[in-house]
Each structure stands twice: as structure tokens, then as C-alpha cells.
Amino acid sequence: MVQKQWVSHQMTVCTYSPKRFLGLLFLFISLNFLNFSAHGAPSQLSESSTSQVQKSNGLKNHSSPYLAMHSQDPLNWLDWSSQALKRAQQQNKPILISSGYFACHWCHVMQKENYQDPVAAQLMDQHFISVKLDRELEPDLDQYLIEFSRNLTGQAGWPQHVVLTPQGYPFSAFGYLPNANFINTLNQLNTQWQTQPDTITRLAKKAAEPLELKRTTPIRPAEFKGLLLQAIDTQMDDFSGGLKGTNKFPESPVLLSLLTLKMLPENQQAWLTLTLEQMQNQHLQDHIQGGFYRYTVDPEWQIPHFEKMGYDNAQLAQIYFLAGQKLNRQDFTNTALQTLTYMEQHLFNPKLGLFASSQSALDKQGIEGGDYLFSRVELQNQLSKPAFKVVEESWQLNRPAPYDIGWHPKPTDQYWPEIKQALQTPIAVIPVDEKHIISWNGLALSAYVSAFESTQNMVFLNKALALAQRLTDQLNSQQPPRALDINGEKIGLATLEDFAYVINGLQKLHQVQPTEQRAIDIKNLNTKVHTLFLNASGWQANQQALLPGQNRLPALIDDAIPSASALMECATPKAGLSRNPFYAKALRDEPLNYASYLSVLNCQRE
């Protein structure tokens, strides 16, 4: 652990953005007996059994850096496919899906403490079909698992573990566990499956039954705006900014929706401004390397988890450009420009013309925040005497360091340019997930368009044009990919999110520079996405769902990124009017989860 403030291993996960699901919880109450307290004796494995555990698995040389890093775990990980279900049914074993991502600190801890432990690995191989999932490549499946965990246990986060019957019905879920708890949980899950498979299967099937879609009174823009603002009034932290909670996330879809409104109530306007100030001035932003971290683990924006995601930074760049214009704040525009510079310097791959997905919270030695924190000795060695004296006083170096390995820099009144330059970590040193995800690059396209609209600098327009062409070519290919690897090879199949974010970016670009060819591209991509992802029950997040209980909802929620179904409803507003009565109830019940639908209702009204 890096942070001394961290209280409990059990509470430390790469947390899922705090959303509240109110609908399906009652269906899972009867399953609670399966969520064990994780007590009991671990299995005793013979010396010979542990020595025979394999030293590599099918994830070797995987195009996902996250999956590839698990290739040396001493257990038989499978990549997600129909083969996992077939093998589980042939062997009558539950499926254990472990979902995470490269930049996630606690995913690395889970690997070191559990997956690389021979006792735990042997238990997993003996009693489960173990699947390792890169959540960034399978966002639809990951969302389903996260939602199941939250409905069942009240919490979710990465690493996320969900246990399924051999037929693919989820019945238990847990996040990070210390080694002894993990081993005990595996043993008890196996005991329950061996003794009560029929009961488990029956209850899991019942819990996975699809919701019956019911038509309700359509929701109108004014009604939803009122509900959204009321929900923000209830949840906003008007002292520190952001929404109430022990963790603080950017909540980009909510902020973006508010910035599209012509007027806000005075208290909402003050809260929005405070939130933007806190995010840029406190420790959500990296004041040395640039860019925003994923979230802070305290309510005052002081203690970040150190992963930096491409989707956060692309959205926040756009948000700060819009806020700079709307609120006439040059400091917000400067923050937007600095965020784009960070993305270009740290994430952009000029050979591919695309942005990589993230930078890890861990340095190459496996230390969380190691690339961003500095000890007193390091500060003294790297700074001039006058600059160090300023830092010593400003950062209170005479007190115990807030982190085990040192201090997290924050701007000083004097010598700041010198300090910032002296503390730069070489870019090549910071671990990067070299997946270039199409949808997140679509968010970057929108950020470039906002940059051009804000500054009228042709450099940003030219970069938007180049990125737009690259993304259009990928989605127009015979098998549109979810991502490209470091060599430009395709990974996975494009999801609704990929099409929606790119189309949205192309539409924004078309507004500032309309061309006949771009109009044709937008029309063709709209036709393609309707063919691939729209059916009688609404927008489908993926082309194919392998799990029988993978429910489809009439509207996809916002998470850290905007609802893909919301963006697509705006792409063809007249065609989407007929779906309003089916998603209206969800918007009324949980307006904060559907903030992006504020734009949809305005699109349909126009």
C-alpha cells in the first residue's frame, strides 16, 4: 500500500463510479446465502500437486497488455469466448470470471497475492473454469457483471469476480480479497456447488430472467431537466465540489450535460464552477506530468488513485474548453489545453494516428504512484536550494509524508516552472496500456473539435480531421475493431460505444467544417450501426451476448463515459421518439444515471 490513509484492504478496489441501481435488487435477495463470510480452513495441497502447476497459459502474447501480464500466472486462464462455456458444461464446473484492466492498482495486487499463489491457483484450476477479462475490450459483459455484483452485494469494483453456473447464469460476486479470504471463498463456493447445484442453478436462472419492458408516459425535456437538477441538489457536495461520497470522480457525463444548458439555478452554477476549480486545482490533476487521474479516494480531492484513463482526459478536455467559453474563464481553457498536451505527449501513437488507452497507477517496480511521488531526498537532489526551500515550506516537508514514499506535488507561489521541469518523469518510463480503443479516440475527436471552437486554432482542426479519417476508415472496414494493438493489428469487434462516440465526434466536426464526403460517412455509419445494434427491444451494446441472462435495457446508463444509446438516439432523433415510452421510467427513477439523455430529449424536441 502506498497511502497511509487507506484503512482496509477489503475496501481498496479500483472503484466503480458510484451509481445507484434500484431495480433488480429484490431478485437477488434469495441468493445472499451464497455470499460467504469467507471463514474456514484453506485446502491442503500436496507438495507434488503444487509443483505440477503450469508456468504459462493461453494468454501468452495476447494483444491486450492486461491479459498478457497474466500469462505467467500458474493457472489455466482462458480468454472469454464460447469455448469457456463449452468447457464448463463438459466438466460441470462453475465459471469464475475475473475482470480488470491494465491501469488498475488493485488488479495488480490481486494478481500478486492470489493468482500467482500456487495454492489459490490450484484451487481455481481444480474447481473452476477461470476466465480473465479485459474490461476495456468487453465493456458490455463487464457492465453486466458489475451491475450483477452491485445488485447482489451492494458494491462493485475492479478487480471484479463473478461466479456463474456452467450454463452462464451468475450466482456470486466479490471484489479484491486478501489471500486467506480468497482461498476460503473458493473452498466455500466449491462446497456449495458440489452440494446444491440444482438449487443454485434454479435461483440463478430466476435472477437472470429478462425484465418485461413496459410502456409509460413519455418523458419531456422540461420534466427530465427538473428531475436531473433536483437529483444534483440532493447529491452535490457544495463544500468540496463533486457529488457526495467517500470517493470523488469527475462525473463527466453529468458535467457535460449541465454545460449544454443555457441557464442553471444559482446554486447549481456555483456548484459546477466549484467542482471544475477543485478538479483542476487539487490532486485529481497531475500538476507535474499533466492529465487527470481516474478519481480520488477521499472527498476533498487530495488522495488520487494514480491511473490515468484516456476517456477521462478526453472528456475533461472537452468539458474545460466548454466551461472556459461558457463561464469566460481563461484558467479553464488553459486546463483544457494542458490536458490535450498531456494526451498528445503521453498517449498518442504517431505511427497509428491514435491514442493509447491509459497509463498505469503502478510504476515498473510495481509501486503505486511511484512515477508521481517524491521523497524528501529526491526533492532535495532534484531542486535548486531556493526551489527546495519553497517546496519545504509549501508542502510541509517537516511533517510525515502523506504517502509511504513521499509527497504528491502541487503548484507553489514561487519557482513553479523550475520545480515542474525538474520533477518530470521520463515519459517512456511510465507504463502504458498500448491498446488504442476506437470509442475513446472518438471522445478525443470531440475534444479536438471543442479545442478548435474555443481557440480557432487551425492546428486543432487539422488534428481533428486526421483523427476523424483514421476512425472512419476503421469503422468502414469489413470487420470494424474494438481496438488496435501497438502494431496496428485489430483486437475484438467494435461495440455500439465505438460507433456512437465516433459518429458523435464526426457530427461535431461536420458542424464546424461541413463536407459532402463527411455527410456521406455519417449516413453510412448510421446505417451500419442500426443494422448491427438495434432490434425490437432497443439498442444493444454488443453484437452478440454469450450469456443467457445478459439482459438488455431500453436505455444504457451513463457510467464514467456517456450512454452510447443516448448518443445514438441523438444521431437519429426522429427514429428514436418511439423508444421514449420504454426508457422514460428509468430516467424518472434514476436521472443522475442518465444525464446524457438530457441531450436526447432536446434532440427529439428539435
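Treat the numbers as computed from the prediction; the structure is a model and nothing was measured.

Enquirer: Explain the sheet that holds strand E16 (residues 490-491) to me, using residue names and the numbers behind them.
Expert: If you walk across this open sheet you meet the three strands as E14-E15-E16, and the pairing is antiparallel. Among the strands making up the open sheet, the edge pair consists of strand E14 (436-437) and E16. Sheet analysis places strand E15 (residues 483-484) next to E16, joined by two bridges and oriented antiparallel. Residue pairing for E16: leucine 484 is matched across the bridge by lysine 490.

Enquirer: Tell me about the sheet that holds strand E5 (residues 160-164), residues and numbers included.
Expert: One open sheet holds the four strands; their spatial order is E3-E2-E5-E6, and the pairing between them is mixed. Only two strands of the sheet have a single partner each, and these edge strands are strand E3 (129-134) and strand E6 (170-174). On average, each strand axis in the sheet is tilted by 20° relative to the strand beside it, whichever way the strands run. Where strand E2 (residues 95-100) and E3 come together, six bridges link them in parallel fashion. Within E3, the residue paired with isoleucine 97 across the bridge is valine 131.

Enquirer: Go over the pairing of E6, please, and point to the residues and values.
Expert: Across the five residues that make up E6, a large majority, five, are buried. Sheet topology note: the E5/E6 ladder contains four bridges and is antiparallel. Along E6, the bridge assignment pairs leucine 164 with proline 170. Adjacent in sequence and paired antiparallel, E5 and E6 are bridged by five residues, among which glycine 168 carries a positive phi angle near 100°.

Enquirer: Break down the state of the cysteines for me, with residues and values.
Expert: Scanning the model with the defined rule gives one disulfide in all. Covalently, cysteine 570 is tied to cysteine 603 through a disulfide, its sulfur atoms 2.0 Å apart. Here the S-S torsion is close to 90°, and the disulfide linking cysteine 570 with cysteine 603 is therefore right-handed. In this pair, cysteine 570 is assigned in helix H22 (residues 564-571) and cysteine 603 in helix H25 (residues 597-605), connecting sequence segments 33 residues apart. Residue cysteine 570 is classed as buried on the basis of its relative accessible area, which comes to 19%.

Enquirer: Give me the pattern of salt bridges: which residues, what numbers.
Expert: What the rule picks out here adds up to 16 salt bridges. The partner of aspartate 134 in a salt bridge is lysine 435, and the shortest N-O contact between them spans 3.0 Å. Note that aspartate 134 is positioned in strand E3 and lysine 435 in the loop between strand E13 (432-433) and E14, a separation of 301 residues in sequence. Put simply, aspartate 286 and lysine 308 hold a salt bridge, and the shortest N to O gap is 2.7 Å. Taken together, the residues span a long stretch of sequence, with aspartate 286 in the loop between helix H12 (266-281) and strand E7 (295-296) and lysine 308 in strand E9 (residues 308-309) at a distance of 22 residues.

Criteria and cut-off values
Every residue gets a number counted from 1 within its own chain, in the order that chain's sequence is written. Side-chain atom pairs in this predicted model are given and counted only at pLDDT of 80 or more, local residue features only at pLDDT of at least 70, and totals for whole chains, interfaces and linings cover all residues. As a rule here, side-chain values come from all non-hydrogen atoms in the structure, and water together with hydrogens is ignored. Strand pairing is assigned whenever DSSP detects at least two bridges linking the two strands. In this description a helix means any DSSP run of H or I spanning at least four residues, a strand means any run of E spanning at least two, and both kinds are numbered starting from the N terminus. Fitted lines through C-alpha atoms give the axes, limited to the stretch in contact for helices. The angle between two N-to-C directions lies from 0 to 180 degrees. In this scheme, a residue with accessible area under 20% of its type's maximum is buried, one over 50% is exposed, and one in between is partly exposed, where area comes from a 1.4 Å probe on protein chains only. By definition, disulfides here are pairs of cysteine sulfur atoms that lie within 2.5 Å. Between Lys or Arg on one side and Asp or Glu on the other, a salt bridge is scored when a side-chain nitrogen of the former is within 4 Å of a carboxyl oxygen of the latter.

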